[in-house]
Every structure is written in structure tokens, then in C-alpha cells.
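Take a look at the letters that make up each chain.
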Amino acid sequence: MTTSATLLPEQKACLIKAATKIAPSWPLDKLIAVNPLWSHIAQSFDHTSDELSALAGIKTHLSLDTYLAWFQQGRIQQAALHQAAEHYQLDTSADDLVSQLSQATNVSSQWRNIADLADQYRPANKMSWHDEITHQVSQFCAAHYQEQSPTLRQKSANQDLDLYAHWREITIEDKGLSILMGEANLSDYFRALPSNQDDMSALVIHDLSLNHLACENSTLDFYAHALLLDINGWSSYLAYLNDFAHQAPEAPNENHVASLLAIKMAWGWVVWCYLKDTNNATFKAIERQWQQQSQHRMALIEQHQAAHLSLKVWAMAFELSEQNALHRTLLSIPVQKTSSAQKTPPALQAVFCIDVRSEVFRRALEAQSHAIQTFGFAGFFGLPIEYRAKDSQFTRPQLPGLLQASITVTETESDDQQVHHQQQEARWHRWGHAAPASFSMVESMGWWYAFKMFKQTLFSKQQANPVNRLAPNTAWTLQQKGRTLSPQDKADLAMGILTNMGIQDYADTVLLVGHGSQTSNNLHAAGLECGACGGQSGEVNVKVLASLLNDPQVRVLLNHMEANIPATTQFVAAMHNTTTDQLTCYDHQPNAAFSGWFEQAMYAAQKERALLLDPTLVDVSNKTRHKAFLQRANDWSQVRPEWGLANNHSFIIAPREKTRSMNLHGRSFLHDYQAKQDPDFATLEKLITAPMLVAHWINMQYNLSVTDNFKFGSGDKVLHNAVGGNIGVFEGNGGDLRIGLSKQSLHDGERWMHTPVRLAVYIDAPQQAIADIIAKHELVRHLVDNDWLYLYQWQDQTLSRYYQGHWSNEQGHWSNAQG
């Protein structure tokens, strides 16, 4: 039944390349936003959309009806529609442009894998090949990667089998597959699979006539990519294991995604051979379709390209309309320049994360007094740290997923009793989140668990992350490669952070405000925390930085380095609760004036957010509304505790004085930047190559979770069950691993709360500096030139767009970029 074949180096390289086309998805305890199409940014967004639509039916735009409705409502402007049509080289003078763009063009087909072709001929009373393959592979992966108790590894708990070998070993013994599928002797075909992954791949390539030597746009390339997209959730998690998981040095260097691809290839070969031996008529029909599809693969992409043209025009027209509204805001209020003689020293300064949720609270806080000054800064506060709880083996990163921690921070003291309690709770939590899902826990605990749920309903209270409840002491030990940092090391670290932060004249009180969310019974809670802190709250970061900046030895060294921090200045670690808008100071009791400002800012921010969360709370008293927000945060059944970063659409890199009087409606990431303080533009380069990329990741995760929640979102969170403790979630008890945002995080039951538009970036810096940085960094150049985001210069009350090496003003007059 098998044919001897050898996997050629070119073929293996093609399979490995297909594995790199999947972007990583972080586990639940480190959940951060990711652009699911990150691996495709070297090609245009439009080409990626067409290709993935052809390969897997993936949607990157909303429906035509949605855009038409927005056009009728005036949300899409006629001028923007003509501008978008011109970009796609349509005749913008045509009187029937709107009518022309309103005609739906459907494509009749997409790429079909072997199982999909076989399902066309499968009786309705039998289990679908496709669905059973997805379910079987998904359940196997859950058990294989479950760290707590690898239930399938019966021979030895220490035996490391690669994913393909382990799957083959288990599947050969699974007699239930033949019974479930209603196909006799199915296990014989799994037994015929080579034990070596490369030999198996060679066999499949030979039997399915995939043996092209060239990889780019070959049938093998299409086939492999389509198989991974077919189980995109697990592919994405395994891409995380490939690229970011911190494995022990002795761990095998396995390409997890390639192993998953091998399993999918093996399943396809089993179906192919089984039908060939048992149903020749069906096999011949499938073989004919497979050959035709392989020959016309490029034409298939062209069909999807033509069919999606109208959607692309409408989507860009909507983006331009949204930007035009923001441009009017940015240019409507002249910046009030205050001379140094007129300048009043601030009574309070507060540094917030650039997170869009901070914009609402910062605006509310600044409204309390002209003596309040706020800044926007990346939420990990520039600390390249991981946190290790004292007297514990637990560590977690506290920095963006794109970066690696180089410093380990540990509190100098810990509460032994609290540590023991948390270890017990962790074991309990682990049992309730094993791969078979949490239903078994409820069944096992019976009435006792029901009583616990009833108690939570009537007497809800805040449920903090167990690690955060260790209550870190304000004294910290910082180590790098096992060596404790010296005072000079700490001063150098702090000086770099202060330089990028850009504060020139320090107030007596400077708040370092991290942020965190407050939710109950929420598997995706980490996704509402600080993405810049690796899906954790910013508590550790602000406490560590405040400790550094208040350290007398460090302060002396900083002032020798011309930091010019007054002796009276105190840095205070604080936390902004994004669910309730409460601001808490650690180890510092604010004076009466500050407390009053914080309270009134909280009330104002809560009232603004109530419009989107619960309009019935807008016109009630401040105390009534505040109580409702607390109840909402502690409610274990609340599926929409807050809207997170929904409706984000822009990133502004500019002095706060330019946006202070503007209402940006919680849609803009705000990072302070003063070009005059950055003569070599080193700070600007860091902002463009780090925070801008993170903002893009967040924006694209929200966009694609809306346009295709099936592939890039996690469905209905009411049905979520944890997989392997922290791996991810199933929707229900099976199917593919779900990634991305749930529908409840994006939709209020009547309308989308996030409108998918690509990020628009606005930078207050010289054009030459911006262009030079983009030219220097290929990743950034891909994002700008391949239409993954829009980039504008905002300077001197003018806006100019940078695109494919040129600057243009808003009227579309292009000029060559210098250098």
C-alpha cells in the first residue's frame, strides 16, 4: 500500500516555510494581542486577503451590506469613496460609481483539502471527515501539550515524543475511529504510515503528485499552508511554542508547527488511500477535482481578487472617512504655546500607559486642574524585566511579547503563609482547568460547587490574580544573569527610561501609573491587562521603577548624569483600574486635593464609559454609578466587564500639549514625544520600531476578530472551556483551539463596538527623520508600504502622509521624499 519515497531538501524547506506563515498566539496566562497575519507583512495587505480567502475562506473585510448601510448613514463620505476608488484605479468620474461598487460578486469555490473533497460524496448520516479530523487532532494536541498531566504518555512521564510520532502511536491503537466514522479497518491505514515524519511527508507528496521542486506558489506550498489554516488555532499556539516559549536547554528542538502539518498530511493520505481501496468511483472523482484544483491554483486567487475589489474600495473609503474626522479634530485647536515666564510648575505629574483606555481617564484627570500634567509612555515603563515571586519557582515576563527579559526582579521579603495558600489554590485551579474541560469539576463537586456559585452571585467580591495577591514588598532585588545590579547599573537603567519619558521639570509628586483590569470568572482576563507588560498588570513595573527612582544612591548618580531631579520629588507607584476607573497609590497616602482630583476624574470617566457599557447609568448619581461599576467588575457572570481596547484606530506620537484639549473618545494610543529633545532621533526610532508595532498588533487583532471571528476570534465566551490549564480555550468541548477575541468583547448584542479600520499613525517630527527610520527598518517599511497601516506627519498644523517612499499632503499632491 505504501510507496518508497525520499523527501528532497527543497520539499522539506517548502514545508518548513509553510510553518513560518502562521503567526503566534500566546497562552491564556500571558495573553497579548497579535496580528494574526504578522507572517505575511512582506506582501501587501490586499494580496494577503485574496490569498487567504482563496485558501481558507478567510474574511478580512466586513460585508458589502454593512459598508452600504454606513454610506447611507453618512459614515462613509462621497469624497473618501472617490479617493479610495482612485487608489484602486477605478474610473472615479463615473456617475454610477456607487451603483458599480454595490454589486456583490461571489466566488463559487475555495481551495479544498482532501477531506473536504471527500465530504462532498459522504452520506449525510455519517460523520464528516473534516470535522472528525479537526476534533481528533485538536483533542490529541490538548492532551499532548497539557503540562500538568500528559495523559497520553503512558510509557514514561519523562519520555519526549515529537508530536507526529506520539500522534501516530496513539492513533494506531484507537479502534474507536473506525466505529465513529463507520469505516471498517481504518486503523490499518494509520498503521501503514511511516514512523519517520520525513518519510511520511515524502510518501504523501509522491502519492498526491505534489513533487514540484520550486516552492513559491507551488501546489505543495498551497497545500501545506491550507492544511495549517484549516486548524489555525493550534497552528498559532504551536507557532508560539516555536518562537517564544522558554524551553529548558535539554528540551528537544522540535518544529511544533511542522509536526502538526505532518499529522494533517497523514490524515489526508489516509482518507485518500482508504477511498482508493474501498470506493473507486468516489476516489476517481476526487482525484480529478484534486488535479484540476492544483492546475488552476493561481486562477483561484485571481477570482477572489476580482470578487473582493468592491469590498477593498469600501473598506478604504471608510478608513479615510474615519481619518478625515480625526484630522479635523487634530487641526481644529491651535496649540497654546506658553512662555517659560508664564509657565506654572505642575503640582502633580502622572505618567500613564499609551493604552487607549488611559486617554479617557487622563482627560478626566487633567480637567480637574491646570496644575495637573500627564504623560503617555509604554506601560512596561521601559523595564526589560521578568518577575520571580520570592520563595517560588514561578516567573512571568513583564514586558512586550516582542522583547526578551534581561533582568529578573524579586521582592526582598514575602509572606510565607500567603505563598503556601497560593500554592494550594494553584493546585485547585489546575484541576479545574485540565484538558477535558471544567465540566468534570462541577460534576465532581456537585452541590458544594453550586453553593459556591450562588455565594458569588449574591456576595460578589474582587478576584485578583493569585500572583498579584502575594503583595510584593516595595524593596526589590534586581539581577542580571545571576548578578545583583549595582547602584550604577540601576542608575544607567533609570536614566535611559527618564530620557525616553521626556519629563523636563519635575513636580514634587510624580505618579507612575500602571494599569490592570478587574474581572471575575474570565479566562481571557490577561487580554484586558497591560499588553506592554506581557498580558499582566503593570503593578510590578511601577513598583520597581518607583523604588529605583526613589533610591537615595540612585538619585545621587542620576543627578551626576544631569537628570536634574529635585530633592523634593517623590515618585509614587500607582494603578489605574480600567474596569472601574479607580486610581490607587501604593505606599503613599495622597493629600486631600489629590484624592479629590482622583475621585472626580473617576466619576467623569465612569460617566463617559457608561454610554457604551450601560446607558441607564449615565443620568444617575455619581455614587450610584460607581457602585454599579464595582458590581459589574465583581460579577462572575458578566461577559462584558469592559470594552478593553475596542474601537482603537490611531496612534499619536506628539507632545501632550497638542492633544490635551481634544476629546479623542478613547480611540487613540498616546505617546509623548518632543522632537527638540531628541537631536539624533534615537527615541523616535524606538517608538516607531516598538510601541508602534505593538499598537498595530492590537489594532489588527481587533479588526480580524470582527471580520472573521471563526478563524481569528474565539466565538461565544459563555461556552469557553480552558484547555490544558493555560493553553487556550475550546468553544464547547471540542473543535479547533480558539484564539483572538470573543464576540462579547466586540459586539453589544446589537452592533459592533469595534469598527475595523487599519491603524493610522501620526508623528510630530521632521519628515526626513521619519523617512530615514522607515528606510532603515524593513519590518516598519513593510507595514507602511504594504498598506498594513497609514503613517502621517503631524507638524505645524499640517498633515502629510508617507507612503512607498513619498510624502503627500492631504490634497494628494505628491513630492519625493528626501534621502
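As a convention, each chain's residues are numbered from 1 in the sequence order in which they are written. Under the rules for a predicted model, residues below a pLDDT of 70 receive no local features and side-chain atom pairs below 80 are neither given nor counted, while totals for whole chains, interfaces and linings still include all residues. Excluding hydrogens and water, the side-chain values take into account all heavy atoms of the structure.

Looking up the protein chain in an unreviewed UniProt entry gives the name Probable inorganic carbon transporter subunit DabA, with the organism given as Marinomonas vulgaris. Quoted verbatim from the Function (unreviewed entry) field of the UniProt record, the comment on the protein chain reads "Part of an energy-coupled inorganic carbon pump." In the Sequence similarities (unreviewed entry) part of its UniProt record, the protein chain is described as follows: "Belongs to the inorganic carbon transporter (TC 9.A.2) DabA family." UniProt positions are given in the numbering used here, feature names are shortened, and annotations may be inferred rather than shown by experiment.

Asker: Teacher, can you tell me more about the overall build of the protein chain here?
Answerer: Tallying secondary structure elements over the protein chain gives 31 helices and 19 strands in all. Accessibility here uses a 1.4 Å probe with only protein chains present; expressed as a share of the type maximum, an area under 20% marks a residue as buried, one over 50% as exposed, and anything in between as partly exposed. Sorting the 819 residues of the protein chain into buried and exposed places 55% on the buried side. Considering only intrachain contacts with a sequence separation of at least 6, the fraction spanning at least 24 residues in the protein chain is 73%. Taken as a whole, the protein chain presents about 35,100 Å² of accessible surface, with 50% of it coming from carbon and sulfur. Helix and strand definitions follow DSSP, with helices as H or I runs of at least four residues and strands as E runs of at least two, each counted in order from the N terminus. Any two residues having at least one pair of non-hydrogen atoms within 4.5 Å are treated as being in contact. Residue burial considers only the protein chains on display, and all accessible areas are found by Shrake-Rupley using a 1.4 Å probe.

Asker: Hey, could you run me through the side chain of E642 in this one?
Answerer: Positionally, E642 belongs in the loop between α26 (622–634) and β11 (650–653). Whenever a nitrogen or oxygen atom comes within 3.5 Å of another N or O atom, the pair is scored as a polar contact, on the condition that within protein one atom can donate a hydrogen and the other can accept it, and that pairs from neighbouring residues in sequence are kept only if both atoms are in side chains. Side-chain polar atoms of E642 contact the side chain of T578, separated by 2.8 Å. In this structure the side chain of E642 is engaged in a polar contact, spanning 3.3 Å, whose partner is the backbone nitrogen of G644.

Asker: Mind showing me how you'd approach the state of the cysteines here?
Answerer: Disulfides are covalent bonds that link the sulfur atoms of two cysteine residues. Put simply, a disulfide is two cysteine sulfurs that come within 2.5 Å. Scanning the model with the defined rule gives 1 disulfide in all. With its sulfur 2.3 Å from that of its partner, C14 forms a disulfide with C215. The sign of the 75° torsion about the S-S bond sets the C14-C215 disulfide as right-handed. Separated by 201 residues along the polypeptide, C14 in helix α1 (residues 9–19) and C215 in the loop between α11 (197–207) and α12 (219–230) bring together distant segments of the chain. A residue is classified by how much of its surface remains accessible, and C215, at 16% relative accessible area, is buried. Between C530, a free cysteine, and C533, which holds the nearest cysteine sulfur, the sulfur-to-sulfur gap is 3.5 Å.

Asker: I would appreciate a short explanation of the packing of aromatic side chains in the present structure.
Answerer: The geometry of an aromatic ring pair is captured by two quantities: the separation of the ring centres and the angle between the planes. Note on aromatic contacts: the rings of Phe and Tyr and the six-membered ring of Trp form a pair at centre separations within 6.5 Å, being stacked when their planes are under 30 degrees apart, edge-to-face when over 60 apart, and tilted otherwise. For the coordinates displayed, the defined rule picks out 28 aromatic pairs. On the numbers, 6.0 Å between centres and 55° between planes, the contact of W111 with F222 is tilted. You can see W111 sitting in the loop between α5 (97–101) and α6 (114–119) and its partner F222 sitting in helix α12, a full 111 residues away along the chain. Relative accessible area serves as the criterion here: at 4%, F222 is assigned to the buried category. For the pair W111 and W290, a centre-to-centre distance of 5.6 Å together with 70° between the ring planes defines the contact as edge-to-face. Here W111 is found in the loop between α5 and α6, whereas its partner W290 is found in helix α15 (residues 280–295), with 179 residues between them in sequence. Cluster of aromatic residues (ring-pair linked, three or more members): W26, W38, Y145, W234, Y237, Y240 and W697.

Asker: Any chance you could explain the pairing of strand β1 (residues 348–353) here in plain terms?
Answerer: Most of β1 is tucked away, with 6 of its 6 residues classed as buried. Pairing between strands requires that DSSP locate at least two bridges from one strand to the other. Direction of pairing for β1 relative to strand β2 (residues 372–377): parallel, over a ladder of 6 bridges. Opposite C353, over in β2, you have F377 as the bridge partner. Here is how to tell: hold the view so the strands point away, follow the path from the first strand over the helix to the second, and if it runs clockwise the crossover is right-handed. After leaving β1, the chain enters helix α18 (residues 356–366) and then returns to the sheet as β2, a path that is right-handed. Of the strand pairs in this sheet, β1 and strand β8 (residues 509–516) are connected by 3 bridges, and their pairing is parallel. Bridging from a neighbouring strand, A350 pairs with L511 of β8.

Asker: Before we go on, may I ask you to explain the nonpolar core in this structure?
Answerer: General note: in soluble globular proteins, nonpolar side chains tend to be found buried as a group. We define the nonpolar core as a collection of buried residues of types Ala, Val, Leu, Ile, Met, Phe, Trp, Tyr and Cys that are connected through side-chain atoms lying within 4.5 Å of one another. Core analysis: the biggest nonpolar cluster contains 181 residues, and Y223, W234, W267, L684 and L791 have the highest contact counts within it. With 15 residues, the top contributor of residues to this core is helix α14 (residues 256–278). If near-sequence neighbours (up to four positions away) are discounted, L684 is found in contact with I653, Y673, D678, I763, A765, A769, I770 and I773. One finds A389, A491, L493 and Y506 within the second-largest nonpolar core, a separate group that totals 37 residues.

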